[in-house]
Amino acid sequence: MFRRMKKTFPAEFADLLTPKGRRILEGRDRELTGALLDPERRFVALQGVIDPRKAVACRDALDAALRDTLVSMEDPIPHDSISGMTMNYMELLPKTVRVRTALLESRRSRSYRAAEAVGLTDMMRSDSFAAFAAVVSGRTLRRKWGIQVLCYGPGDYTGPHNDHHPEEPEARDGYVDMHVSLTMPGVEHQYLVYAKDGHLSELTKVSTVGGVTVYRLPFWHYTTPVVARRGAEASARRWVLLGTFLDAAPGARASSTIVPAGAPGARPPARVATFGSGGGAGRR
Ligand SMILES: [Fe+2]
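What you see is a predicted model, and the numbers here were worked out from it, not measured in a lab. (Residues numbered from 1 in each chain as written. Predicted model: local features only at pLDDT ≥ 70, side-chain atom pairs only at ≥ 80, totals over all residues.)

S.K.: What should I look at first to understand the overall build of the protein chain in this one?
M.R.: For the protein chain, the count of helices and strands is 6 helices and 15 strands. Computed over the C-alpha atoms, the radius of gyration of the protein chain is 19 Å, within 12% of the 19 Å expected from 2.2 N^0.38 for a compact globule of 284 residues. Projected onto its principal axes, the C-alpha coordinates of the protein chain cover approximately 60 × 55 × 35 Å. (Helix = DSSP H or I, 4+ residues; strand = E, 2+ residues; numbered from the N terminus. Rg over C-alpha atoms; globule rule 2.2 N^0.38 Å.)

Okay, here's the thing in structure tokens:
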């Protein structure tokens, strides 16, 4: 069945982009090139970088191909989080989440085959996908990156968390995530709420069609539940294409890295260590 599907996604992420998106990718947008090297700026939310008609076509192909292949990912509030408390005001909330995900780790999974059939896996593995994350983050990134597809339906959300991975040497000094949102028309809204100056006070709408967000993790944030338009609950889904990128190790071979375009001198990995907020993965 999957063989008959058309590869709606282009082989290169660059082919989804508008002229504005291309300018960013090529390092010609002064404001966005290396935007996340500023330690105060943890993410950027970009609109108008993906061609809207292509975004709609890709979204519809993705929805048709993958919606019946998803698995639930659910971590509720621990049942004893209230009854187990012994001291006032000492409540602790681990990361809670309810979302569905496409399993792309195994080439034999239904999700993988469906994603491959519509061209999604090729596009998410394309050099220009990583190059976009590299240029906005201003970092040289490892060529091997993680890809994931999430699908938020009505009431699906992610609770407050910070995505810090102190046990992983390659990620504990920070890493980069890039999300492409492909939202069905049945969604009224979903927001990302994030911390500024120690408070979860900022929010940005993420229920876009073709919006791109690039993050320098960790920082505190959460995603509000998807709210469906009245009567459109059955088709209210927000798809997220997610790439996770580690900083290249200092001195890494050029063939194993993605160097940001337009960065001063297109810095080799070793020099990146002098930028940013305390260094990236693998640095001492
Ligand atoms: Fe997160």
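S.K.: Can you walk me through helix α2 (residues 52-66) in this structure?
M.R.: Within an α-helix, residues lying three or four positions from one another point in the same direction, as the helix has 3.6 residues per turn. Under the 1.5 Å per step criterion, the end-to-end length of α2 is 21 Å for 15 residues, consistent within 8% with the ideal 21 Å. Within the sequence span of α2, burial applies to Ala55, Cys58, Arg59, Ala61, Leu62, Ala65 and Leu66. (Expected span 1.5 Å × (residues − 1). Buried ≥ 20, exposed ≤ 12 C-beta atoms within 10 Å, placed from the backbone.)

S.K.: Got a minute to help me understand the nonpolar core in this structure?
M.R.: In terms of nonpolar packing, the biggest core is built from 66 residues, with Ala133 and Leu141 touching the most fellow members. Of the residues forming this core, the biggest block, 8 residues, is contributed by helix α5 (residues 127-137). Non-local contacts of Leu141, meaning those with residues more than four positions away in its chain, are made with Ala130, Ala133, Ala134, Val176, Phe245, Leu246, Asp247, Ala248, Thr257 and Ile258. (Core = buried A, V, L, I, M, F, W, Y, C linked by C-beta atoms within 7 Å. Contact = placed C-beta atoms within 7 Å.)

S.K.: Honestly, the pairing of strand β3 (residues 97-102) in this entry has me stumped. Any pointers?
M.R.: Successive residues of a regular strand alternate their side chains across the two faces of the sheet. As judged from the 5 bridges shared by strand β2 (residues 71-75) and β3, these two strands associate in the antiparallel manner. Bridge pairing links Met73 to Val99 in β3. Taken together, the 2 bridges between β3 and strand β6 (residues 157-161) define a ladder with antiparallel strand orientation. Residue pairing in the sheet places Arg98 in a bridge with Tyr157 of β6. With 3 bridges joining them, β3 and strand β5 (residues 146-152) adopt antiparallel strand pairing. Considered in β5, the bridge of Arg100 is made with Cys151. (Pairing = 2+ DSSP bridges.)

S.K.: Is there a simple way to think about the pairing of strand β7 (residues 175-183) in this case?
M.R.: With 9 of its 9 residues buried, β7 lies for the most part within the structure. Of the two faces of β7, the one carrying Tyr175, Asp177, His179, Ser181 and Thr183 and the one carrying Val176, Met178, Val180 and Leu182 are both buried.

S.K.: Before we go on, may I ask you to explain the environment of Ala248 in this structure?
M.R.: Position of Ala248 relative to the elements: it lies in the loop between β14 (238-245) and β15 (257-258). The exposure class assigned to Ala248 is buried, which follows from the 26 C-beta atoms found within 10 Å. In this structure the C-alpha to C-alpha distance between Ala248 and Ile50, which are 198 residues apart in sequence, comes to 27 Å.

S.K.: What is the right way to look at unusual backbone geometry in this model?
M.R.: Note: most residues except glycine have negative phi, and most peptide bonds are trans. In the segment running from Leu217 into Pro218, the intervening peptide bond is cis, with an omega of 5°. Topologically, Pro218 is positioned in the loop between β11 (209-217) and β12 (221-223). A positive phi angle, near 60°, is found at Asp163, a position not held by glycine. Secondary-structure assignment places Asp163 in the loop between β6 and β7.

S.K.: What exactly am I supposed to notice about α5 here?
M.R.: Counting buried positions along α5 gives 10 out of 11 residues, so the element sits mostly inside the fold. Within α5, the full set of buried residues consists of Ser128, Phe129, Ala130, Ala131, Phe132, Ala133, Ala134, Val135, Val136 and Ser137. Gly138 lies just past α5 and shows a positive phi near 75°.

S.K.: Explain the environment of Arg113 here, please?
M.R.: Its place among the elements puts Arg113 in helix α3 (residues 110-117). Given 18 C-beta atoms within a 10 Å radius, Arg113 is considered partly exposed. Considering only alpha carbons, one finds Arg113 and Leu66, 47 residues apart in sequence, at a separation of 9.3 Å.

S.K.: Is there a simple way to explain the confidence of the model for the protein chain in this structure?
M.R.: Detailed conclusions should not be drawn from predicted coordinates in areas where pLDDT is low. Per-residue confidence for the protein chain averages 91 on the pLDDT scale, and 91% of its residues sit at or above 70. Here residues 267-284 is a poorly scored stretch, pLDDT under 50, and it has 45 contacts once near neighbours within four places are set aside; other chains count. (pLDDT = per-residue confidence, 0-100.)

S.K.: Could you clarify how one ought to interpret the environment of Arg143 in this entry?
M.R.: On the secondary structure map, Arg143 appears in the loop between β4 (141-142) and β5. In this structure Arg143 comes out as partly exposed when scored by C-beta crowding, with 16 C-beta atoms within 10 Å. Counting along the chain gives 52 residues from Arg143 to Glu91, while the straight-line C-alpha distance between them is 41 Å.

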